Amino acid sequence: MDKQNSMNGEKIVISLTSYGKRLNNLPNVLDTIYAQTMFPDEVVLNLAYEEILPEEVNVYLKNHGVIINRVPDTKVYKKIIPTFKLFPNDCVVCIDDDWLYPNGMIADFMHIHSIYPDNPISGNKYIYRGMQCHCGCASLVKASFFGNYLDLVDDNVMKSCHSSDILYSYFAAKAAHPYIRTKGLYFLNMTPFNESVSYTKSGGNGAIKTYEFLTEHFGPIFGNINVYQKIKKDEYIEDIIND
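Small disclaimer: the values here were computed from a predicted structure and weren't measured.

Ranked by size, the top nonpolar core spans 69 residues in total, and within it Leu30, Ile95, Phe146 and Leu167 carry the most contacts. The contact partners of leucine 167, leaving out residues within four places of it in the chain, are Tyr77, Leu150, Val153, Val157, Cys161, Thr210 and Leu214.

So, in structure tokens, the structure goes:
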């Protein structure tokens, strides 16, 4: 795969995790990443130590130069945070292991990033208590967008915060780098790998408990977390406020 660096010397890093039978999805999912109009510089698969890769999948990953990063099994939190440790200054595009991606996704993320380099970009439209939510299946993030808040994500936080989407959204807002969203809303344009897969928006009991835990332990969010005035007229960003 030819590699193409993004602007300002930042690498484009694809980050994902997987487990169990879903490991068999990886070649199909990653084929759609390697078909992108803008290629990633690296692909990182954060895999729990105990996971055993099927031989055919292992060969595929090695042939494509995927970085297999063995980490403790922190469930959904191993999708992004370990990758920040490998690439602390680069653009990380997180994806899921059960979606097929449109080939312009990375290019569109990077175009918006060139306009708003200080904000994480979400591929969904969901607002929770004023926060544009992180999209676990398609978002562009950098470690710096969260300040030092991710250093606070210990075992207790992970066990208490079942919604990582809410946690990332909350800490980015606390660090004054709130999420914005793409006009394309990529989760609507992606294809589930099989019919059993469904997308659930950031809400429900998990989101409520996560938000309550975070505000209790780390305080409320202050300021204009939606940066509405900054982005509302841009042709590439849709209005993210429900007026």
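As for its position among the elements, lysine 75 is in the loop between strand 3 (67–71) and helix 3 (81–86). You can call lysine 75 exposed: its relative accessible area is 56%. Separated by 87 residues in sequence, lysine 75 and histidine 162 have C-alpha atoms that sit 9.8 Å apart.

As a further point, take helix 4 (residues 105–115). Every buried residue belonging to helix 4 is among Met105, Ile106, Phe109, Met110, Ile112 and His113, and all of these are buried. Looking straight down helix 4, one finds that the buried residues subtend no more than 160 degrees of arc, so they occupy a single side.

Along the chain, isoleucine 33 falls in helix 1 (residues 26–34). For the pair isoleucine 33 and methionine 105, spaced 72 residues apart in sequence, the C-alpha to C-alpha distance is 8.9 Å. If we ignore the near neighbours within four places in the chain, the residues touching isoleucine 33 are Ile14, Pro40, Ile95, Tyr101 and Met105.

So, about the packing of aromatic side chains. Inspection of every chain in the model, using the stated rule, returns 8 aromatic pairs. On the basis of an interplanar angle of 65 degrees and a centroid distance of 5.4 Å, the ring pair of phenylalanine 171 and phenylalanine 218 is categorised as edge-to-face. Of this pair, phenylalanine 171 sits in helix 6 (residues 164–174) while phenylalanine 218 sits in helix 8 (residues 204–218); the two residues are 47 residues apart in sequence, bridging distant segments of the chain. Residue classification places phenylalanine 218 among the partly exposed residues on the basis of a relative accessible area of 22%.

The rules behind the values
Residues numbered from 1 in each chain as written. Predicted model: local features only at pLDDT ≥ 70, side-chain atom pairs only at ≥ 80, totals over all residues. Heavy atoms only, no water. Core = buried A, V, L, I, M, F, W, Y, C linked by side-chain atoms within 4.5 Å. Buried < 20%, exposed > 50% of the residue type's maximum accessible area, 1.4 Å probe, protein only. Contact = heavy atoms within 4.5 Å. Helix = DSSP H or I, 4+ residues; strand = E, 2+ residues; numbered from the N terminus. Arc of directions from axis to C-beta. Phe/Tyr/Trp six-rings, centres within 6.5 Å; stacked < 30°, edge-to-face > 60°.

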